[in-house]
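Chain and residue survey
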Amino acid sequence: MRETPVGMKCPSCARMPLHARALGKPRHYAAALGAGLGSAALLGAIAAVANLGIIGIIFPLIAGFVVGRAVAWGAKGNRNGAFMAIAAATAVVGLVAGGVLAAGIPTTVVLRGDIIGLLLAGIVAAFSAAR
């Protein structure tokens, strides 16, 4: 028997129903992936073209937050770990792809100089998508 807020229940009755787990449907995953990649590629292009100066230090935090919120919007309220992984992956891949496509910089140069910033953007995006 399991103790629940409404009293004692058997283990099969105490389980959370599948529809209450917020796992998401395939369209939620596709929308989250598209929103994350689109926003990250746009931010990566802006970062590559603009001379950010001192703002370049906090840009990964801002970019990670924006990408995470875009993924959360595409997920339509689903907050499981898969959407956190989508947010982190799209932040890193989209920022690199946007920078490479906008400025024509080789990928090895982008990755070598900005690895800490990319990791920071991925972490912030994951936590921002789970909020």
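Residues numbered from 1 in each chain as written. Predicted model: local features only at pLDDT ≥ 70, side-chain atom pairs only at ≥ 80, totals over all residues. Heavy atoms only, no water.

**Some words on unusual backbone geometry**
Trans is the prevailing form of peptide bonds, just as negative phi is the prevailing case for residues other than glycine. Of note in this structure, Lys 76 is not a glycine but carries a positive phi near 55°. The topology assignment puts Lys 76 in the loop between helix H3 (55–75) and helix H4 (81–103). We classify Lys 76 as exposed; its relative accessible area is 53%. (Helix = DSSP H or I, 4+ residues; strand = E, 2+ residues; numbered from the N terminus. Buried < 20%, exposed > 50% of the residue type's maximum accessible area, 1.4 Å probe, protein only.)

**Concerning the nonpolar core**
Of all hydrophobic cores here, the largest spans 18 residues; its most connected members are Ala 32, Leu 43, Val 67, Val 71 and Leu 95. Where this core is concerned, the elements lending two or more residues are helix H2 (26–49), H3, H4 and helix H5 (107–129). Looking at which element gives the most residues to this core, the answer is H4, with 6 residues. Beyond its immediate chain neighbours, meaning those up to four positions away, Ala 32 contacts Val 71, Gly 74, Ala 75, Phe 83 and Ile 86. (Core = buried A, V, L, I, M, F, W, Y, C linked by side-chain atoms within 4.5 Å. Contact = heavy atoms within 4.5 Å.)

**Focus on the packing of aromatic side chains**
The description of an aromatic ring pair uses the distance of the two centres, along with the angle that the planes make with each other. All chains considered together, the criterion is met by 1 aromatic pair. Judged by centre distance (4.5 Å) and plane angle (10°), the rings of Tyr 29 and Phe 83 are stacked. In this pair, Tyr 29 sits in helix H2 while Phe 83 sits in helix H4, placing the two residues 54 residues apart along the sequence. Residue Tyr 29 is classed as partly exposed on the basis of its relative accessible area of 27%. With a relative accessible area of 1%, Phe 83 lands in the buried category. A cation over a ring is seen here: Lys 76 above Trp 73, with NZ or CZ 4.3 Å from the ring centre. (Phe/Tyr/Trp six-rings, centres within 6.5 Å; stacked < 30°, edge-to-face > 60°. Lys NZ or Arg CZ within 6 Å of the ring centre and 35° of its normal.)

**Some details on a nonpolar patch on the surface**
A surface patch of nonpolar side chains, about 800 Å² in accessible area, is lined by Ile 54, Ile 55, Ile 57, Ile 58, Leu 61, Ile 62, Phe 65, Val 66 and Leu 120. Top element by residues in the nonpolar patch is H3. It accounts for 7 residues. Structurally, Val 66 can be placed in helix H3. (Patch = residues over 30% accessible without salt bridge, like charges linked within 9 Å, V, L, I, M, F, W, Y side chains within 5 Å. Areas by Shrake-Rupley, 256 points an atom, 1.4 Å probe, with all protein chains shown as cover. Salt bridge = Lys/Arg side-chain N within 4 Å of Asp/Glu carboxyl O.)

By themselves these figures say nothing about function.
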